Amino acid sequence: MPSAMADEQAGAALARLYDLDTAEEMADLDLYLGLAAATGGAVLELAAGSGRLALAMARAGHAVTAVDNDPHMLARAQAAWQAPDEAGRRGGSLETVEADVVQLELEHRFGLVILAFNTLLLLERDAQRACVATMARHLAPEGKAVLDVWLPSPEDLALYDGRLTLEWLRHDEETGDNVAKYFSARYDPALASAQLHTFYDVWSEPAGQLRRLARRDELSFLSSHEVLALVEAAGMAPEVVGEDYGLSPFGTGSERMVMVCGLL
């Protein structure tokens, strides 16, 4: 059985590798910065991870609350926030909260509430409903909630047949390690879900050591109609539905749904 120290080290390492994994995923940032400026209120990001979006919005001058249930992710967000930025100053604020987004109960209401980058798919069906309800519960009367959900095509899901696939090879500047990311997923059409296994092979120089870190997730896929039903059940209504982060009109064949909602 792994020791508590080993689990702690693995958790911290996976949080660092998450940053490496998402370092180039910033296509959605301008959307959230624009909405934060337009709403003018505080920002709540659910399942914020290590602060990919939350840090950028706080540095842009917004009061941001970042919620996640992973203490290692939040520790990285706080460490990055405490470090001086390139200008030597910070314009906004960042509060991190370790909590389950399904059961979250904060005193404040927010001008912008975000569930970004397919996070909804990482939750089971009941948790998906509860999470969208959490968004509505924390939304200010004139605020905006944003859901970003991948809608995979049959061709995408055909790759979820258990094969092991190399996704990328990258150099980790933080540690000097070279990292290879692999994934294997198997789709269950009866449940519209997939078991996803992610592996990071980390080669450390100059020690010449190779170690593998792994995580397992279950993805619960949704149709566009199911996403809309979740939003309506939570007491919200879509104001804009786009197929990308520029909010191009959503239509048949769109493989992403970016929905900006308000309270009914």
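Here the structure is shown first, and the text comes after it.
Rules behind the numbers
- Residues numbered from 1 in each chain as written.
- Predicted model: local features only at pLDDT ≥ 70, side-chain atom pairs only at ≥ 80, totals over all residues.
- Heavy atoms only, no water.
- Pairing = 2+ DSSP bridges.
- Helix = DSSP H or I, 4+ residues; strand = E, 2+ residues; numbered from the N terminus.
- Axes fitted to C-alpha atoms, helices over the stretch in contact; angles between N-to-C directions.
- Phe/Tyr/Trp six-rings, centres within 6.5 Å; stacked < 30°, edge-to-face > 60°.
- Buried < 20%, exposed > 50% of the residue type's maximum accessible area, 1.4 Å probe, protein only.
- Core = buried A, V, L, I, M, F, W, Y, C linked by side-chain atoms within 4.5 Å.
- Contact = heavy atoms within 4.5 Å.
- Salt bridge = Lys/Arg side-chain N within 4 Å of Asp/Glu carboxyl O.
- 1 Å grid on protein atoms, 1.4 Å probe; cavity = no way out; pocket = protein on both sides within 12 Å on 5 of 7 lines; lining within 4 Å.
- Points joined across faces, edges and corners; volume = space filled by probe spheres on them.
- Nonpolar A, V, L, I, M, F, W, Y, C, P; charged D, E, K, R; others polar.

## Observations regarding the pairing of strand β9 (residues 209-220)
Here is step 1: Summarising the sheet, strand β8 (residues 193-204) and β9 pair through 12 bridges and their orientation is antiparallel. The partner of D201 across the bridge, within β9, is R212.
Here is step 2: Where β8 hands over to β9, the hairpin turn is made up of 4 residues, of which G208 adopts a positive phi near 70 degrees.

## Observations concerning the sheet that holds β9
Here is step 1: An order of β6-β7-β8-β9 is seen for the 4 strands of this open sheet, with the pairing classed as antiparallel. The open sheet is flanked by β6 (161-171) and β9, the only strands paired with a single partner. Each neighbouring strand pair of the sheet contributes to a mean axis angle of 20 degrees, computed without reference to strand direction.

## Brief notes about the packing of aromatic side chains
Here is step 1: Tallying each qualifying case throughout the model produces 5 aromatic pairs.
Here is step 2: Centre to centre, the rings of W150 and F221 are 5.9 Å apart; their planes meet at 75 degrees, and the pair counts as edge-to-face. With W150 in strand β5 (residues 139-150) and F221 in the loop between β9 and α7 (224-233), this residue pair connects regions lying 71 residues apart in the sequence. In this pair, the class of W150 matches that of F221, namely buried.
Here is step 3: Measuring from centroid to centroid gives 6.5 Å for Y160 and F221, while their planes differ by 45 degrees, and the two rings are tilted. Taken together, the positions of Y160 in the loop between α6 (154-158) and β6 and F221 in the loop between β9 and α7 put the pair 61 residues apart, joining distant regions of the chain.

## Some words on helix α3 (residues 52-59)
Here is step 1: The buried count for α3 comes to 6 of 8 residues, which makes it a mostly enclosed element.
Here is step 2: Phi turns positive one or two residues past the end of α3, at G61, with a value near 110 degrees.

## Description of the nonpolar core
As a rule of thumb, soluble globular proteins bury nonpolar side chains together.
Here is step 1: Residues L46, L120, Y160 and M236 are the most contacted members of the largest nonpolar core, which totals 40 residues.
Here is step 2: The set of elements that each furnish at least two residues to this core consists of β1 (43-46), β4 (110-115), α5 (125-137), β5, β7 (178-188), β8, α7 and β11 (256-263).
Here is step 3: Excluding its chain neighbours within four sequence positions, the residues that come into contact with L120 are L115, Q128, V132, L147, V149, L222 and L230.
Here is step 4: Counting 23 residues, the second-largest nonpolar core is a separate cluster that includes A36, A58, L94 and V146.

## Brief notes about the pattern of salt bridges
Once the charged atoms of two side chains with opposite charge are near each other, the side chains can pair.
Here is step 1: Evaluation of the coordinates by the stated rule reveals 15 salt bridges.
Here is step 2: The shortest N-O distance in the salt bridge between R170 and E24 comes to 3.8 Å. Taken as a pair, R170 in strand β6 and E24 in the loop between α1 (4-22) and α2 (29-39) lie far apart in primary sequence, 146 residues in all.
Here is step 3: With a relative accessible area of 63%, E24 lands in the exposed category.
Here is step 4: D161 is the partner of R163 in a salt bridge, and the nearest nitrogen-oxygen pair spans 2.7 Å.
Here is step 5: By relative accessible area, which is 33% here, D161 ends up partly exposed.
Here is step 6: One salt-bridge network, held together by shared partners, links D19, R76 and E174.

## Focus: the environment of A27
Here is step 1: Along the chain, A27 turns up in the loop between α1 and α2.
Here is step 2: On the basis of relative accessibility, which here comes to 60%, the residue A27 falls in the exposed class.
Here is step 3: As a C-alpha pair, A27 and G208 span 181 residues in sequence and 35 Å in three-dimensional space.

## Some remarks on the layout of surface pockets
Here is step 1: Put simply, the largest pocket is a space of about 1600 Å³.
Here is step 2: Contributing to the lining of the largest pocket are 48 residues, with Y18, F117, L122, R215 and D217 lying nearest its centre.
Here is step 3: At the level of elements, α1, β1, α3, β6, β7, β8 and β9 are the ones that each hand at least two residues to the lining of the largest pocket.
Here is step 4: With 6 residues, the top contributor of residues to the lining of the largest pocket is α1.
Here is step 5: A breakdown of the residues in the lining of the largest pocket according to their chemical character gives 25 nonpolar, 8 polar and 15 charged.
Here is step 6: Along the walls of the second largest pocket sit 21 residues, with D19, L20, A23, S50 and R76 positioned nearest its centre.
Here is step 7: Secondary-structure elements contributing two or more residues to the lining of the second largest pocket are α1, α3, α4 (71-82) and β6.
Here is step 8: For the lining of the second largest pocket, the per-class residue count stands at 7 nonpolar, 4 polar and 10 charged.

## Here's the deal with the sheet that holds β5
Here is step 1: With mixed pairing, 7 strands are arranged side by side in an open sheet as β3-β2-β1-β4-β5-β11-β10. Either end of the sheet is taken by a strand with one partner, and the two such strands are β3 (93-98) and β10 (236-242). For this sheet, the mean inter-axis angle between neighbouring strands, taken without regard to orientation, is 20 degrees.
Here is step 2: Where β1 lies against strand β2 (residues 63-68), 4 bridges are found, and the strand directions are parallel. Within β2, the position partnered with V43 by the bridge is V64.
Here is step 3: Along the sheet face, α4 touches β2 and β3 and points at about 165 degrees away from the line of β3.
Here is step 4: The sheet strands contacting α5 are β1, β4, β5, β10 and β11, and the helix crosses β5 at an angle near 150 degrees.

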